[in-house]
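Architecture at a glance
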Amino acid sequence: MQLLNTIRAQHAFEAKTNVSNSPMAKTLREVEKKDDKLQHNLKVLMGLLANDTISASMEMGRLGGVDLLLAIATSDDGGAVSDDKLKIRKLALQCLSCAGSHPPFCRSFMKHPEVQNKLSDLVVQACADADDQADIAVGALTANLRLILHLDRDDPDKEIAGKTDLVYMPLIRALSAAFKSGNPAIIRAAVDVLSTWTAGKDRELAIRASLADGIIDLPVPLSKYELHQLKPKEFSDYRQRQHQKKTRDQAWAYERSTIFFQEGGLDALLDFAAVCEDPNLRR
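Throughout what follows, the structure given in this document is the object of discussion. The model shown is predicted, which means the values in this text are computed figures rather than measured ones.

About the cut-offs
- Residues take numbers from 1 onward in each chain, read along the sequence in its written order.
- Whole-chain, interface and lining totals are the exception, using all residues; otherwise, since this is a predicted model, local features are given only for residues with pLDDT of at least 70 and side-chain atom pairs are given and counted only at 80 or more.
- Heavy atoms from the whole structure form the basis of all side-chain values; hydrogens and water molecules are not counted.
- The way it works is that DSSP assigns letters per residue, a run of H or I at least four long becomes a helix, a run of E at least two long becomes a strand, and they are numbered from the N terminus.
- Residues count as neighbours in contact if any of their non-hydrogen atoms are within 4.5 Å of one another.
- Axes here refer to lines fitted to C-alpha atoms; in helices the fit is confined to the stretch in contact. Angles between the N-to-C directions go from 0 to 180 degrees.
- The scheme is simple: roughly parallel for angles under 35 degrees, roughly antiparallel for over 145, roughly perpendicular for 65 to 115, oblique for anything else.
- The handedness criterion is simple: a crossing whose near helix is rotated anticlockwise from the far helix by less than a right angle is left-handed, and one whose near helix is rotated clockwise is right-handed.
- Note on residue categories: nonpolar means Ala, Val, Leu, Ile, Met, Phe, Trp, Tyr, Cys or Pro, charged means Asp, Glu, Lys or Arg, and polar means any other residue, Gly included.
- Here a salt bridge means any side-chain nitrogen of Lys or Arg lying within 4 Å of a carboxyl oxygen belonging to Asp or Glu.
- Working definition: with a 1.4 Å probe on protein chains only, accessible area under 20% of the residue-type maximum means buried, over 50% means exposed, and in between means partly exposed.
- Note on terminology: a nonpolar core comprises buried Ala, Val, Leu, Ile, Met, Phe, Trp, Tyr and Cys residues joined through side-chain atoms within 4.5 Å.
- Grid spacing is 1 Å over the protein atoms alone, the probe is 1.4 Å, and a cavity is where that probe fits but cannot get out, while a pocket is an open set with protein on both sides within 12 Å along at least five of seven lines and lining residues have an atom within 4 Å of a point.
- Grid points are joined across faces, edges and corners, and a volume is the space filled by probe spheres set on the points.
- A pair of Phe, Tyr and Trp rings is counted when the ring centres sit within 6.5 Å of each other, with Trp represented by its six-membered ring. The angle between the planes then sorts it: under 30 degrees is stacked, over 60 is edge-to-face, the rest tilted.
- Expected helix span is computed as 1.5 Å times (number of residues minus one).
- Under the rule applied, a polar contact is a pair of N or O atoms within 3.5 Å (in protein, one hydrogen donor and one hydrogen acceptor; residues adjacent in sequence only if both atoms are side-chain atoms).

**Points about the overall build of the protein**
Scanning the protein for helices and strands turns up 16 helices and zero strands. Restricting the contact set of the protein to residue pairs at least 6 apart, pairs at least 24 apart contribute 73%.

Below is the structure:
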């Protein structure tokens, strides 16, 4: 028994040591210093995430990387914004967006409403200075898009539910500010966010299109051959679940579109469309 406890203690110590000395842990410690090498360290972090998004993003989340990156992205002393500082904030948002391309990362570490509030507030603040901070607004909208795509999932062992983890009002504020900014880059990003948020029956197609190769985060629809192999009760249950999912997604689209209209989002969108000179963007 004593030997077993010794082995367990040694294993726990080695596991803790290996985690604290991993490239991700070392990089985050360097980022936390927020010194004159911050921009370089964020590029290193981005490289780690891009090289192995699945494991690197989850490790970053466990080590508190979301709060750290949000703090960097939202840092604004109210004075003149230098190009270097804007690049640092943009890199922090790019790291969040890259990690957010892994769906379990979003649901594990970006699910709290405070994260959505901070991203939306960041869009509003950046749109007030759209000429200089367009990249910040686009980065925050892109991170929001990851949440729209990946926060809500149906448990295959439970009935289809209408509950969502998305917070509507902060997102609508961000979209309205984006459309009022008049900046084409910001508005293109906002249109992508709005169309995905209100996708309705095409919601699952949008999610599948966003998934990187090798990531299976949605049940694969049964082929015609597989449907023919089902017993009558199984076939009935499958078709009923598909119908419930489609009905729920359409109900979400109607609800979200209605709230967007009631809160003045549609007015902001139409005001921009009326003066937009780019035919593709206007369409």
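**Here we look at the packing of helix H2 (residues 23-33) against helix H4 (residues 53-62)**
Contact geometry for H2 and H4: axes closest at 10 Å, N-to-C directions at 50 degrees. The orientation of H2 relative to H4 falls into the category oblique. Considering how the two elements wind past one another, H2 and H4 form a crossing that is right-handed. Together, Met24, Ala25 and Leu28 of H2 and Ala56, Glu59 and Met60 of H4 make up the contact between the two elements. Across the contact of H2 with H4, the residue classes tally to five nonpolar, no polar and one charged.

**Focus: the pattern of salt bridges**
Using the criterion set out here, one finds 14 salt bridges in the structure. For Glu114, the salt bridge goes to Lys118, with nearest N and O atoms at 3.3 Å. Of this pair, Glu114 and Lys118 both sit in helix H8 (residues 113-127), four residues apart, which is roughly one turn of that helix. The partly exposed category is assigned to Glu114, whose relative accessible area is 43%. With its nearest N and O atoms 3.2 Å apart, the salt bridge here joins Lys163 to Asp165. Salt bridges sharing common partners tie together Asp154, Arg203, Arg248 and Asp249.

**A few points about the nonpolar core**
As a rule of thumb, nonpolar side chains are buried together in soluble globular proteins. Counting residues in hydrophobic clusters, the biggest one holds 71 residues, and the most contacted among them are Leu42, Leu45, Leu49, Met60, Leu141, Leu175 and Trp197. Top element by residues in this core is helix H9 (residues 130-150). It accounts for 11 residues.

**Thoughts on empty space enclosed by the protein**
Tallied over the full model, the rule gives two cavities of 30 Å³ or more. There is about 50 Å³ of room inside the largest cavity. Lining the largest cavity are Ile148, Leu149, Thr196, Trp197, Arg203, Ala206, Ile207 and Arg256. No other element matches the three residues that helix H12 (residues 203-210) contributes to the lining of the largest cavity. When grouped by side-chain class, the residues that make up the lining of the largest cavity number five nonpolar, one polar and two charged. For the second largest cavity, the calculated volume is near 30 Å³. Gln116, Asn144, Leu147, Ile148, Leu166, Val167 and Leu171 together form the lining of the second largest cavity. Per-element tally for the lining of the second largest cavity: the top contributor is H9, with three residues. For the lining of the second largest cavity, the residue count by class is five nonpolar, two polar and no charged.

**Overview of the packing of aromatic side chains**
Counted according to the given criterion, the structure contains three aromatic pairs. Relative to Phe109, the ring of Phe105 has its centre 5.6 Å away and its plane inclined at 50 degrees; by these criteria the two rings are tilted. Taken together, the positions of Phe105 and Phe109, both in helix H7 (residues 103-109) and four residues apart, correspond to about one turn of that helix. Phe105 gets classed as buried once you look at its relative accessible area, which sits at 0%. Taken together, a centroid distance of 5.3 Å and an interplanar angle of 80 degrees make the contact between Tyr168 and Trp197 edge-to-face. Of this pair, Tyr168 sits in helix H10 (residues 168-181) while Trp197 is found in helix H11 (residues 184-197), placing the two residues 29 residues apart along the sequence. Residue classification places Tyr168 among the buried positions, given a relative accessible area of 11%.

**Some thoughts on unusual backbone geometry**
Backbone geometry follows two general trends: most residues other than glycine have a negative phi, and most peptide bonds adopt the trans configuration. The backbone of Lys34 sits at a positive phi, close to 50 degrees, despite the residue not being glycine. Within the element layout of this structure, Lys34 appears in the loop between H2 and helix H3 (38-51). In this structure Lys34 comes out as partly exposed when scored by relative accessible area, which is 45%.

**Topic: helix H14 (residues 232-262)**
The terminal C-alpha atoms of H14, which comprises 31 residues, lie 45 Å apart, in line with the 45 Å expected from a rise of 1.5 Å per residue. Among all positions in H14, only Tyr238, Lys245, Arg248, Asp249, Trp252, Ala253, Arg256, Ile259 and Phe260 are buried. At the C-terminal side of H14, Gly264 shows a positive phi close to 90 degrees.

**Focus on the side chain of His150**
Tracing the backbone through its elements, the reader meets His150 in helix H9. For His150, a relative accessible area of 0% translates into the label buried. Reaching out from His150, the side chain makes a polar contact with the side chain of Arg153 at a distance of 3.0 Å. Aside from chain neighbours lying at most four places away, what touches His150 is Gly100, Ser101, Pro103, Cys106, Arg107, Ser210 and Leu211.

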